[in-house]
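# Structural features, examined
Next come the chains, spelled out residue by residue.
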Amino acid sequence: SWSQAKHGDPEAIRRYVNDTEQNQAEAFAYFCEHRGLSPEIVTAFHLGFDPADRAAIIPYPGEEYCVRRFIDRETDGHGVKYDNPRGKKPVFNAAALQQNSRPVFVCEGQIDALSILDAGGAACTGLNEPGRLIELAAASQAPGFIAVADSDEHGMKSSNALKEKLTAAGKKCRIAAMTPG
């Protein structure tokens, strides 16, 4: 249950993800119809749905197993958008940093990264908490990085900071200019 997983215990998170992955109809409705992702991406990334909380679930596989919950703000009377486990926030889809054939799009959000992956690109998150990303990128053989953020002040500031840090680490980085809206 989420009440156990939200404290950051990796085993409780795994059980929660396994439970929510069973709600395929709701997961497909949210991720495919509402967010425009393909059923193949929903299945490949084990995206799930928690009907009790009306929360979309994105698991982070790997050493730093984690989960990201997106709450349906229309049914949640508090206007909560995210409800995540306590502890560090790892890079979503860090596996993108292990390939060497394509530039890696570094996104603010998981849905952004999933959309790029769905279109055939290599993508991960890391703009909002770049420390772990910089560490992983230093060892990456990817030919370059593209920062993709919202066009707001926070997004631009995060993109510029990432470019500065990656450049200092000897990596190529560009910023994708996003239009407002």
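This text gives an overview of the structure that appears in the document. (Residues numbered from 1 in each chain as written. Predicted model: local features only at pLDDT ≥ 70, side-chain atom pairs only at ≥ 80, totals over all residues. Heavy atoms only, no water.)

## A word on the nonpolar core
Formed by 23 residues in total, the largest nonpolar core has its most connected members in F31, F45, L47, I58, F92 and L114. When residues of this core are traced back to their parent elements, those giving at least two are α3 (24-34), α4 (39-44), β2 (55-60), α5 (110-118) and β6 (145-148). For this core, the element with the most residues is α5, which contributes five residues. Setting aside residues no more than four positions away along its own chain, L114 makes contact with L37, I41, F45, L47, I58 and F92. (Core = buried A, V, L, I, M, F, W, Y, C linked by side-chain atoms within 4.5 Å. Buried < 20%, exposed > 50% of the residue type's maximum accessible area, 1.4 Å probe, protein only. Helix = DSSP H or I, 4+ residues; strand = E, 2+ residues; numbered from the N terminus. Contact = heavy atoms within 4.5 Å.)

## Let's talk about a negative patch on the surface
Where like charges cluster on the molecular surface, the negative patch consists of D112, D150, D152 and E153. Of the residues examined, D112 reaches a relative accessible area of 35% and is grouped as partly exposed. (Patch = residues over 30% accessible without salt bridge, like charges linked within 9 Å, V, L, I, M, F, W, Y side chains within 5 Å. Areas by Shrake-Rupley, 256 points an atom, 1.4 Å probe, with all protein chains shown as cover. Salt bridge = Lys/Arg side-chain N within 4 Å of Asp/Glu carboxyl O. Lys, Arg positive; Asp, Glu negative; His and termini not counted. Charge placed at Lys NZ, Arg CZ, Asp CG, Glu CD.)

## Description of the sheet that holds strand β7 (residues 173-176)
With parallel pairing, four strands are arranged side by side in an open sheet as β5-β4-β6-β7. Two strands close off the open sheet at either side, each with one partner strand: β5 (122-125) and β7. Taking the axes of each pair of neighbouring strands and ignoring which way they run, one obtains an average angle of 25° across the sheet. Where strand β4 (residues 104-107) and β5 come together, four bridges link them in parallel fashion. Note that in β5 the partner of V104 across the bridge is A122. (Pairing = 2+ DSSP bridges. Axes fitted to C-alpha atoms, helices over the stretch in contact; angles between N-to-C directions.)

## Points about the pairing of β6
Judged by which residues are buried, β6 turns out to be covered on both faces: F145 and A147 on one side and I146 and V148 on the other are all buried. Bridging between β4 and β6 involves four bridges; their strand directions are parallel. Paired with C107 across the strands is V148, a residue of β6. Direction of pairing for β6 relative to β7: parallel, over a ladder of four bridges. The residue bridging F145 from the neighbouring strand is C173, located in β7.

## Things to note about the pattern of salt bridges
All told, the structure shown has two salt bridges when counted by the stated rule. Where R14 meets E11, a salt bridge forms, and the shortest distance between an N and an O atom there is 3.4 Å. Residue R14 and its partner E11 are both found in helix α2 (residues 10-21); the two are separated by three residues, about one turn of the helix. Accessibility expressed as a relative area gives 44% for E11, which makes it partly exposed. For E135, the salt bridge goes to R132, with nearest N and O atoms at 2.4 Å. With E135 and R132 both in helix α6 (residues 130-138), this residue pair falls three residues apart, about one helical turn. Among the residues examined, E135 registers a relative accessible area of 52% and is labelled exposed. The class of R132 is partly exposed, set by a relative accessible area of 25%.

## So, the environment of L37
Structurally, L37 can be placed in the loop between α3 and α4. Sequence separation between L37 and L117 is 80 residues, and the spatial gap between their C-alpha atoms is 9.6 Å.

## Considerations on the packing of α6 against helix α7 (residues 153-168)
A packed helix pair is summarised by two numbers, namely the angle formed by the two axes and the spacing between the axes. Running from N to C, α6 and α7 cross one another at 30°; their axes reach a closest spacing of 10 Å. The pairing of α6 with α7 is recorded here as roughly parallel in orientation. Two packed elements cross with a definite hand, and for α6 against α7 that hand is right-handed. Contacts between α6 and α7 involve P130, L133, I134 and A137 from the former and L162, K165 and L166 from the latter. Tallied by class, residues from the contact of α6 with α7 come to six nonpolar, no polar and one charged. (Parallel < 35°, antiparallel > 145°, perpendicular 65-115°, else oblique. Left-handed = near helix turned anticlockwise from the far one by under 90°. Nonpolar A, V, L, I, M, F, W, Y, C, P; charged D, E, K, R; others polar.)

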